[in-house]
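# Understanding the architecture of this molecule
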Amino acid sequence: MNRQKITGVILAGGKNSRMGAAKGLLMVDGKKIIERIIDAMKPVVDEIMIISNENNYDYLGYKVHADLIKDCGPMGGIHTALSFSASEKNLIVACDMPFLTSSILKQIIDISSGYEITISEFSGEVQPLCAVYSSVCRNKFKELITIEAWKMKKALKHFKTKTISFSENHFQNINTPEEYRTIKKTNHEYSN
């Protein structure tokens, strides 16, 4: 049986208000975070797209789409991704997770059949911005955006979800200059 086509999506449309800079362009271990994510995605997806309201990521050579509905956070990015993707399955990841690996992403994809959302979890904390979203979620996300129900963790209860737990925190993200300094000081070595 042929594997379903999977689109990898990197959400890079945030305002970066706490960081003060485009998070995906920050350097970790000598490489921009968005390039690290692309390296992890490439072996497990068929195509990659980026959701961003800026042109910072045009240099990567992938399709970049601006949010169709502005100012509604990650939900707007996910709705945009599902609107532009031709795939039934979409691996959607935030642009500020430098320690994702192909192995982690493959595990999430591998258990995603039959679910609308397959979501990663570490230490009891779900990670809606490292998950596989089925295209069937598109209309429900649009409805939630329309009623301004923008909180991702609350939105999950509207979908048939599967959670996969991990014992290591591959999902650490960077929101502030302090977090960035801490990550740069810490040596993270996760193998692909």
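Fair warning: this is a prediction, and the values are worked out from it, not measured in the lab. (Residues numbered from 1 in each chain as written. Predicted model: local features only at pLDDT ≥ 70, side-chain atom pairs only at ≥ 80, totals over all residues. Heavy atoms only, no water.)

### Remarks on the overall build of the chain
Within the chain, the secondary structure is distributed over six helices and nine strands. Taken against the 2.2 N^0.38 rule, which gives 16 Å for 192 residues, the C-alpha radius of gyration of the chain at 15 Å falls within 12% of a compact globule. Along the three orthogonal principal directions, the C-alpha set of the chain runs to about 40 × 35 × 35 Å. By residue count, 48% of the 192 residues in the chain fall in the buried class. Looking at the chain as shown, the accessible area adds up to about 9,600 Å², and 48% of this sits on carbon and sulfur atoms. Taken together, the 25 basic and 21 acidic charged side chains of the chain have centroids lying 2 Å from each other. (Helix = DSSP H or I, 4+ residues; strand = E, 2+ residues; numbered from the N terminus. Rg over C-alpha atoms; globule rule 2.2 N^0.38 Å. Buried < 20%, exposed > 50% of the residue type's maximum accessible area, 1.4 Å probe, protein only. Areas by Shrake-Rupley, 256 points an atom, 1.4 Å probe, with all protein chains shown as cover. Lys, Arg positive; Asp, Glu negative; His and termini not counted. Charge placed at Lys NZ, Arg CZ, Asp CG, Glu CD.)

### Re the side chain of Ser 112
Relative to the helices and strands, Ser 112 resides in the loop between helix 3 (102–110) and strand 7 (117–122). Residue Ser 112 is classed as buried on the basis of its relative accessible area, which comes to 2%. What Ser 112 contacts, discounting residues up to four positions off in sequence, is Lys 89, Thr 118 and Val 132. (Contact = heavy atoms within 4.5 Å.)

### Regarding helix 2 (residues 73–84)
With twelve residues, helix 2 extends 17 Å from end C-alpha to end C-alpha; this agrees with the ideal 16 Å at 1.5 Å per step. Taken together, the buried positions of helix 2 are occupied by Met 75, Gly 76, Gly 77, Ile 78, His 79, Thr 80, Ala 81 and Leu 82. (Expected span 1.5 Å × (residues − 1).)

### Brief notes about the packing of aromatic side chains
Following the criterion strictly, the structure yields three aromatic pairs and no others. By the ring-pair criterion, three or more aromatic residues cluster together here, those being Tyr 133, Phe 141 and Phe 159. Directly above the ring of Tyr 115 sits Lys 160, whose terminal nitrogen or CZ lies 5.4 Å from the centroid. (Phe/Tyr/Trp six-rings, centres within 6.5 Å; stacked < 30°, edge-to-face > 60°. Lys NZ or Arg CZ within 6 Å of the ring centre and 35° of its normal.)

### A word on the side chain of His 65
Its location among the elements puts His 65 in strand 5 (residues 63–65). Sequence-distant contacts of His 65, defined by excluding residues within four places in its chain, comprise Met 49, Ile 50, Ile 51, Ser 52, Thr 80 and Phe 84.

### A look at the pairing of strand 6 (residues 89–94)
A large share of strand 6 lies buried, amounting to six of its six residues. Neither face of strand 6 is open: one carries Lys 89, Leu 91 and Val 93, the other Asn 90, Ile 92 and Ala 94, and all of them are buried. With six bridges joining them, strand 1 (residues 6–11) and strand 6 adopt parallel strand pairing. Across the sheet, the residue bridging to Leu 11 is Ala 94, located in strand 6. (Pairing = 2+ DSSP bridges.)

### Thoughts on the packing of helix 2 against helix 4 (residues 138–146)
Two packed helices can be described by the angle between their axes and the distance between those axes. Axis separation between helix 2 and helix 4 bottoms out at 9 Å; the angle between their running directions is 145°. Judged by the twist between their axes, the crossing of helix 2 over helix 4 is left-handed. Where helix 2 approaches helix 4, its residues Met 75, Gly 76, Ile 78, His 79, Leu 82 and Ser 83 are matched on the opposing element by Arg 138, Phe 141, Lys 142, Leu 144 and Ile 145. Partitioning the contact of helix 2 with helix 4 into residue classes produces six nonpolar, three polar and two charged. (Axes fitted to C-alpha atoms, helices over the stretch in contact; angles between N-to-C directions. Left-handed = near helix turned anticlockwise from the far one by under 90°. Nonpolar A, V, L, I, M, F, W, Y, C, P; charged D, E, K, R; others polar.)

### A look at the environment of Ile 38
In this fold, Ile 38 is placed in helix 1 (residues 33–41). You can call Ile 38 buried: its relative accessible area is 4%. When the C-alpha positions of Ile 38 and Met 49 are compared, they lie 9.8 Å apart, and in sequence the two are eleven residues distant. Filtering out sequence-adjacent residues up to four positions away, Ile 38 remains in contact with Ile 10, Ile 48, Leu 60 and Tyr 62.

### Overview of the nonpolar core
Counting residues in each nonpolar core, the largest one holds 36 residues, and the members touching the most others are Ile 10, Met 41, Tyr 57, Leu 91, Val 93, Leu 105 and Cys 130. When residues of this core are traced back to their parent elements, those giving at least two are strand 1, helix 1, strand 4 (47–51), strand 6, helix 3, strand 8 (125–134), strand 9 (161–166) and helix 6 (177–185). Examining the composition of this core, we find that six residues originate from one element, helix 1, more than from any other. In this structure Cys 130 touches Ile 92, Val 93, Met 97, Leu 100, Leu 105, Ile 108, Ile 119, Ser 120 and Phe 171, once residues within four positions along its chain are discounted. Ile 51, Leu 82, Ile 92 and Ile 117 belong to the second-largest nonpolar core, a separate cluster that totals 22 residues. (Core = buried A, V, L, I, M, F, W, Y, C linked by side-chain atoms within 4.5 Å.)

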